[in-house]
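Below, each chain spelled out in residue letters.
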Amino acid sequence: MLMERAVLLFLMTVLAVPLCAAAPADTLRRDSASAGSVARLWRTVNRVLDLRDSHRRQRADTAYIVRTPGRLRLKLAVNGYGSDLDTRWGRGGSEYRSRLKAQNKYTMSLTASYRGLSLSVAANPAKLAGRNKDYELNLNAYGNRLGADLILQSAKTYDGTVDGPTGSVEAPVGSVSQDMIMANAYYVFNGRRFSFPAAFTQSWVQRRSAGSFMLGVSFVGGRIKTDFADVLGSGAARLRVLCGSVGAGYAYNWVVKGHWLLHISTLPQFVVVSRNRMETAGGEEKMPYRFPNMVVAGRLAAVRHFDRYFAGMNAVVNTSFLGDYDAFAVSTLKWRARVFVGIKF
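Residues numbered from 1 in each chain as written. Predicted model: local features only at pLDDT ≥ 70, side-chain atom pairs only at ≥ 80, totals over all residues. Heavy atoms only, no water.

With respect to the overall build of the protein
Point 1. A count of helical and extended segments in the protein gives four helices and 19 strands.
Point 2. Restricting to contacts in the protein with at least 6 residues of sequence separation, those with at least 24 account for 68%. (Helix = DSSP H or I, 4+ residues; strand = E, 2+ residues; numbered from the N terminus. Contact = heavy atoms within 4.5 Å.)

Given below as structure tokens:
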């Protein structure tokens, strides 16, 4: 409560002090009215959050999961991101395979969470220095019953090797670029006793071990552009990806000695909608498909709670296989790892 009042006082001061410098009576009245409006807005927001939390507590088995004590949390994290892209295809009766990796990215982020509402800011030292031109945005909404990930990526730093009949050659940076969007959503059957947020946002605490079966859906869209003219003598090509998948999996939260939480989950899915197309100088054609094409989401986490502090790590890995292994196929791997420490007020 003291921290909430301090935040409210700070907001009121920020709004009022610059205007009070002029000191006319009508200005002071406007300042007072503005401060009163902020206070009323603050009370309204808290009433809405009270209703939401009351509804969620009624649906939770508090012997297993409870809301994290305190309304405000600050979390400092170091984040790592990486992407792999493998392709296999045939040309002129010969088989080729490329193995490419984008430059790993590292950021530092600060997150402020008030009763489940979070705001984060992050900085990438390599990007600020101009050494990494890739871009990535991750949005997450984890609930005990429903949740989702959204990943937006633009990668132009892929490099690696291309294997062909005559051996391997280097694929330089810039020969492949990727712009992708991936969305994953899950439904947890045992949301009364199992909590995803306990492992990934720390807005809940898992008090006793529990697991749950899950349902999941995923959407992948984007394009991959290649130009191996300097490597294989082939021209530019563009792959447009648009597919949807559904599946089922399992997740488990293991509570160790009442303080440690270890999480593991996997959610394999079969591609049920595929609208993937390849564009080359010779025209456009549909990308070959052979069952099963798959998208798999896997997650790991370890969290330790103290009286006022918490710390831990988590990782999310998304993989996909699209196409026909004997004709043309694309495999992707996308991972994100995070190490964090936080404080509860």
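Side note on the confidence of the model for the protein
Point 1. Summary statistics for the protein give a mean pLDDT of 81 and a share of 77% for residues scoring 70 or more.
Point 2. Between the elements of the protein, mean pLDDT differs from a low of 43, seen in helix 1 (residues 2-20), to a high of 95, seen in strand 14 (residues 260-274).
Point 3. Segment residues 1-5 is flagged for pLDDT under 50; beyond a separation of four residues in sequence, or across chains, it makes six contacts in the model.
Point 4. Per-residue pLDDT stays below 50 along residues 7-23; that stretch engages in 15 contacts with residues further than four places along the chain or on separate chains. (pLDDT = per-residue confidence, 0-100.)

Digging into a nonpolar patch on the surface
Point 1. A cluster of nonpolar residues, Leu146, Tyr187, Phe189, Phe213, Leu215, Tyr250, Tyr252, Trp254, Trp260, Leu262, Ile264 and Leu300, forms a patch on the protein surface that exposes about 1200 Å² of accessible area.
Point 2. Mapped by element, the contributors of at least two residues to the nonpolar patch are strand 12 (210-227), strand 13 (236-256) and strand 14.
Point 3. Inspection of the secondary structure puts Phe213 in strand 12. (Patch = residues over 30% accessible without salt bridge, like charges linked within 9 Å, V, L, I, M, F, W, Y side chains within 5 Å. Areas by Shrake-Rupley, 256 points an atom, 1.4 Å probe, with all protein chains shown as cover. Salt bridge = Lys/Arg side-chain N within 4 Å of Asp/Glu carboxyl O.)

Examining the pattern of salt bridges
Opposite charge on two side chains makes pairing possible when the charged atoms of those side chains draw close.
Point 1. Evaluated as defined, the whole model comprises nine salt bridges.
Point 2. Across the salt bridge formed by Lys101 and Asp84, the nearest N and O atoms sit 2.8 Å from each other. Remark: Asp84 occurs in strand 2 (residues 72-91) and Lys101 occurs in strand 3 (residues 94-101); sequence separation between them is 17 residues.
Point 3. According to the relative accessible area criterion, Lys101 is partly exposed, its value standing at 42%.
Point 4. For Asp84, a relative accessible area of 22% translates into the label partly exposed.
Point 5. For the salt bridge of Asp326 with Arg290, the shortest nitrogen-to-oxygen distance reads 2.9 Å. Residue Asp326 is found in the loop between strand 18 (309-324) and strand 19 (328-344), and its partner Arg290 is found in the loop between strand 16 (283-286) and strand 17 (294-305); the two are separated by 36 residues along the sequence.
Point 6. What makes Asp326 exposed here is its relative accessible area of 56%.
Point 7. Overall, Arg290 belongs to the partly exposed group, its relative accessible area being 43%.
Point 8. Through salt bridges with shared partners, one network takes in Arg290, Asp324 and Asp326. (Buried < 20%, exposed > 50% of the residue type's maximum accessible area, 1.4 Å probe, protein only.)

Brief notes about the environment of Arg193
Point 1. Relative to the helices and strands, Arg193 resides in the loop between strand 10 (176-188) and helix 4 (197-200).
Point 2. Sequence separation between Arg193 and Gly211 is 18 residues; the distance between their C-alpha atoms is 7.9 Å.

Some details on the environment of Leu215
Point 1. One can find Leu215 in strand 12.
Point 2. For Leu215, a relative accessible area of 41% corresponds to the partly exposed category.
Point 3. Separated by 32 residues in sequence, Leu215 and Gly247 place their C-alpha atoms 6.0 Å apart.

Re empty space enclosed by the protein
Point 1. In total, this model carries two cavities of 30 Å³ or more according to the counting rule given.
Point 2. Quantified by volume, the largest cavity comes out at close to 190 Å³.
Point 3. Contributing to the lining of the largest cavity are 19 residues, with Gln153, Gln178, Met180, Met182 and Thr332 lying nearest its centre.
Point 4. Of all the elements in the fold, those that place two or more residues in the lining of the largest cavity are strand 2, strand 7 (146-155), strand 10, strand 12, strand 18 and strand 19.
Point 5. Counted by class, the lining of the largest cavity contains eleven nonpolar, six polar and two charged residues. (1 Å grid on protein atoms, 1.4 Å probe; cavity = no way out; pocket = protein on both sides within 12 Å on 5 of 7 lines; lining within 4 Å. Points joined across faces, edges and corners; volume = space filled by probe spheres on them. Nonpolar A, V, L, I, M, F, W, Y, C, P; charged D, E, K, R; others polar.)

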